[in-house]
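Here is what each chain is made of, one letter per residue.
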Amino acid sequence: MPFVVTEPCFDCKYTDCVSACPVEAFYQDEHMLYIHPDMCIDCGCCVPECPVEAIFDEPLVPAPWRHYVQLNADRARACVSGVTENITRPQEPKLGPRCGKK
Ligand code: SF4
Ligand code: F3S
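The rules we used
Just so you know, the residues in each chain are numbered from 1, in the order the chain's sequence is written. Key to labels: chains lettered from A, ligands numbered from 1, both in the order written. The model is predicted, so local features are restricted to residues of pLDDT at least 70 and side-chain atom pairs to those at 80 or more, both for listing and for counting; the totals for chains, interfaces and linings are taken over all residues. Heavy atoms from the whole structure form the basis of all side-chain values; hydrogens and water molecules are not counted. Here, two cysteine sulfur atoms that lie within 2.5 Å of each other are counted as a disulfide. The secondary structure listing takes helices from DSSP runs of H or I that are at least 4 residues long and strands from runs of E that are at least 2 residues long, numbered from the N terminus. For every residue, the accessible area obtained with a 1.4 Å probe (protein chains only) is divided by the maximum for its type, and the residue is called buried under 20%, exposed over 50%, and partly exposed between those limits. Only heavy atoms are used to decide nearness, and a residue is near a molecule or strand if one of them lies within 4 Å of it. Nonpolar residues are Ala, Val, Leu, Ile, Met, Phe, Trp, Tyr, Cys and Pro. Charged residues are Asp, Glu, Lys and Arg, and all others, Gly as well, are polar. For this document, the term salt bridge refers to a Lys or Arg side-chain nitrogen within 4 Å of an Asp or Glu carboxyl oxygen. When the centres of two rings from Phe, Tyr and Trp lie within 6.5 Å, Trp using its six-membered ring, the rings pair. Their planes under 30 degrees apart give stacked, over 60 give edge-to-face, and anything left gives tilted. Counting of polar contacts relies on pairs of N or O atoms within 3.5 Å, with two restrictions inside protein: one atom must be capable of donating a hydrogen and the other of accepting it, and residues adjacent in sequence are counted only when both atoms are side-chain atoms. Contacts: residue pairs with any heavy atoms within 4.5 Å of one another.

Q: How would you explain the state of the cysteines if you had to name every residue and give the values?
A: Per the stated rule, a full pass over the model turns up one disulfide. Note on cysteine connectivity: Cys12 is disulfide-linked to Cys99, with sulfurs 1.9 Å apart. What sets the handedness of the Cys12 and Cys99 disulfide is the S-S torsion sign, and at about 100° it is right-handed. Within this pair, whereas Cys12 is found in the loop between strand E1 (3-5) and helix H1 (17-20), its partner Cys99 is found in the segment after strand E5 (85-86), the two being separated by 87 residues in sequence. The pair Cys12 / Cys99 is uniform in exposure class, with both members buried. Cys45 forms no disulfide, and the closest cysteine sulfur to it belongs to Cys43, at a distance of 3.5 Å.

Q: Quick rundown of the site of ligand 2? Include the residues and the values.
A: Residues in contact with ligand 2, as listed here, are Val5, Cys9, Lys13, Tyr14, Thr15, Asp16, Cys17, Leu33, Cys50, Pro51, Val52 and Ile55. Residue composition of the shell around ligand 2, by class: nine nonpolar, one polar and two charged.

Q: Can you explain the pattern of salt bridges? Please cite residues and give values.
A: Applying the stated rule across the entire model yields five salt bridges. The closest approach of N and O atoms between Arg66 and Glu58, which form a salt bridge, is 3.7 Å. Owing to a relative accessible area of 13%, Glu58 belongs among the buried residues under this scheme.

Q: I'd like to hear about the environment of Cys9, residue by residue, with values.
A: Looking at where Cys9 falls in the secondary structure, it is placed in the loop between E1 and H1. With 24 residues separating them along the chain, Cys9 and Leu33 place their C-alpha atoms 7.0 Å apart.

Q: Give a detailed account of the packing of aromatic side chains, specifying residues and quantitative values.
A: Enumeration over the complete set of coordinates arrives at one aromatic pair. Consider the rings of Phe56 and Trp65, whose centres lie 6.1 Å apart with planes at 55°: the pair is tilted.

Q: Account for the side chain of Lys13, with residues named and values stated.
A: Within the element layout of this structure, Lys13 appears in the loop between E1 and H1. Reaching out from Lys13, the side chain makes a polar contact with the backbone oxygen of Asp29 at a distance of 2.7 Å. Lys13 has contacts with Gln28, Asp29, Glu30, His31, Met32, Leu33, Gln91, Glu92, Pro93 and Lys94, leaving out every residue within four places of it along the chain.

Q: Go over the environment of Leu95 with me, naming the residues and quoting the values.
A: Structurally, Leu95 can be placed in the segment after E5. Between the C-alpha atom of Leu95 and that of Glu53, which follows or precedes it by 42 residues, the distance is 15 Å.

Q: Any details on the side chain of Thr6? Residues and values, ideally.
A: Tracing the backbone through its elements, the reader meets Thr6 in the loop between E1 and H1. A polar contact is formed between the side chain of Thr6 and the backbone oxygen of Ala54, at a distance of 2.7 Å. Setting aside anything within four residues of it in sequence, one finds Thr6 in contact with Met32, Ala54, Phe56, Val61, Trp65 and Tyr68.

Given below as structure tokens:
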């Protein structure tokens, strides 16, 4: 089961998670990051790196955020059409207006 980025990442994008990933499985759009389910090797290394605890093992994704499982898959795979891009290095956090306002 792949790991999944969920609601707390939206508009925050701390990006500490990407440094921990040995297989460069993270993708981003302007709002948040997503994990490519075909690339994730389920190591769990990214989980403790996220300051807002946005990353979960797929079976442990909280019920209100279950739709993020499919969203991660859809958005990461959409990289082929340029909708998202691979992110392999940390960048300045977005810290947008919705960050932390869930
Ligand atoms: Fe990368 Fe491991 Fe996190 Fe999957 S669980 S996204 S392989 S760091
Ligand atoms: Fe998002 Fe947390 Fe990574 S806020 S960018 S999942 S460190």
